[in-house]
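# Structural features, examined
Take a look at the letters that make up each chain.
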Amino acid sequence: MPIKTVLIIDDSPTERHILSQLLLSGGYEVSTAESGEEGIERARQIKPDLILMDVVMPGTNGFQATRALSRDEATKAIPVIICTTKDQETDKVWGMRQGAQDYVTKPVDGPALLAKIAALGQ
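Residues numbered from 1 in each chain as written. Predicted model: local features only at pLDDT ≥ 70, side-chain atom pairs only at ≥ 80, totals over all residues. Heavy atoms only, no water.

### Topic: helix H3 (residues 62-71)
Stated precisely, the cut-off is as follows: Exposure categories follow from relative accessible area, calculated using a 1.4 Å probe and restricted to protein chains: below 20% of the type maximum is buried, above 50% is exposed, and the middle band is partly exposed. Labels follow the DSSP assignment, with helices taken as runs of H or I lasting at least four residues and strands as runs of E lasting at least two, numbered in each case from the N terminus. Read the arc as the range of directions from the helix axis to the C-beta atoms. Only heavy atoms matter for contacts: two residues are in contact if any of them lie within 4.5 Å across the pair. In the analysis that follows, any N or O atom pair within 3.5 Å is treated as a polar contact, provided that within protein one partner can donate a hydrogen and the other can accept it, and provided that, for residues neighboring in sequence, both atoms belong to side chains.
Residues of H3 that are buried include every one of Gly-62, Phe-63, Ala-65, Thr-66 and Leu-69, and no others. The buried residues of H3 occupy an angular sector of 165° when the element is viewed end-on, so they sit on one face. Among the structural elements, helix H2 (36-46), strand S3 (50-53), strand S4 (80-84), helix H4 (89-97) and strand S5 (102-105) are those in contact with the buried residues of H3. The N-cap residue of H3 is Asn-61: its side-chain oxygen and the backbone nitrogen of Phe-63 are 2.9 Å apart.

This is the structure we're talking about:
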């Protein structure tokens, strides 16, 4: 299924802006959420084709939100790419076990991220 709409869930306004600009330049429609809780609600409402998920957020963190989305009938088909500063192998393994399709670390390599998104949409 081609990916057209992407939901960015990140508590950092700077990161949301950087990722939004990257995705918009790649031709994607972008929505954002500032917390895990808001992101889960937005995902249920707009049914994006892909979610970019930060991990370190107050309240519901990205691992918890990914797990919730991957277990919810309404959202479990939406792929999640975790996009975080947490770069330990154990973090990556844990993220994938929560239901993420991929895991990238910040600062994000823009062309590599766009290539991963394009590959998911094939």
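### Focus on the packing of helix H1 (residues 13-25) against helix H5 (residues 110-120)
Here is the rule we go by: A fitted line through C-alpha atoms serves as each axis, taken over the contacting stretch for helices, and the angle formed by two N-to-C directions is quoted from 0 to 180°. Should an angle fall under 35 degrees it is called roughly parallel, over 145 degrees roughly antiparallel, and 65 to 115 degrees roughly perpendicular, with every other angle called oblique. Handedness of a crossing is defined here by the sense of rotation of the near helix relative to the far one, left-handed for an anticlockwise turn of less than a right angle and right-handed for a clockwise turn. Residue classes follow a fixed rule: Ala, Val, Leu, Ile, Met, Phe, Trp, Tyr, Cys and Pro count as nonpolar, while Asp, Glu, Lys and Arg count as charged, and any other residue, Gly among them, counts as polar.
Relative to each other, H1 and H5 sit at 60°, their axes nearing to 11 Å. As far as their axial angle goes, H5 and H1 are oblique. At the point where H1 passes H5, the crossing takes the right-handed sense. Taken together, the residues of H5 that come into contact with H1 (itself represented by Leu-19, Leu-22 and Leu-23) are Gly-110, Leu-113, Leu-114 and Ile-117. Looking at side-chain class alone, the contact of H1 with H5 contains six nonpolar, one polar and no charged residues.

### Quick word on the pattern of salt bridges
For clarity, the threshold we go by: Salt bridges, as used here, are contacts in which a Lys or Arg side-chain nitrogen is within 4 Å of a carboxyl oxygen on Asp or Glu.
Per the stated rule, a full pass over the model turns up eight salt bridges. A salt bridge links Arg-44 to Asp-72, with the nearest nitrogen and oxygen atoms 2.8 Å apart. With Arg-44 in helix H2 and Asp-72 in the loop between H3 and S4, this pair connects stretches of sequence that are 28 residues apart. The exposure class assigned to Arg-44 is partly exposed, which follows from its relative accessible area of 35%. With a relative accessible area of 18%, Asp-72 lands in the buried category. Salt-bridge contacts for Lys-76 lead to Glu-73; the nearest nitrogen and oxygen are separated by 2.9 Å. Among the residues examined, Lys-76 registers a relative accessible area of 46% and is labelled partly exposed. Taking the relative accessible area as the measure of exposure, Glu-73 reaches 61% and is therefore exposed.

### Side note on the nonpolar core
Nonpolar side chains tend to gather and get buried jointly when the protein is soluble and globular. Heads up, the rule is: Only buried residues count toward a nonpolar core, which is a set of Ala, Val, Leu, Ile, Met, Phe, Trp, Tyr and Cys residues joined through side-chain atoms within 4.5 Å.
The biggest cluster of nonpolar side chains holds 17 residues, and the ones touching the most others in it are Leu-7, Ile-9, Ile-51, Met-53, Leu-69 and Ile-82. The greatest single-element share of this core, amounting to three residues, is contributed by H3. Not counting residues within four places of it along the chain, the set of residues in contact with Ile-82 comprises Met-53, Val-55, Phe-63, Thr-66, Gly-95, Ala-100, Asp-102, Tyr-103 and Val-104. Among the nonpolar cores identified, the runner-up in size contains 14 residues, and Ile-3, Leu-19, Tyr-28 and Cys-83 belong to it.

### Comments concerning the sheet that holds strand S2 (residues 29-33)
To keep things clear, this is the line we draw: At least two DSSP bridges between two strands are required for those strands to pair.
Read from one edge of the open sheet, five strands run S2-S1-S3-S4-S5, paired in parallel fashion. Because the sheet does not close on itself, it has two edges, and the strands there are S2 and S5. Each adjacent strand pair in this sheet contributes to an overall mean axis angle of 20°, direction not counted. Bridge analysis of S4 against S5 gives four bridges, and the strand direction is parallel.

### Quick look at unusual backbone geometry
A cis amide bond links Lys-106 to the next residue, Pro-107, at an omega of -5°. Relative to the helices and strands, Pro-107 resides in the loop between S5 and H5. In this structure, Lys-47 takes a positive phi of about 45° despite not being glycine. Relative to the helices and strands, Lys-47 resides in the loop between H2 and S3.

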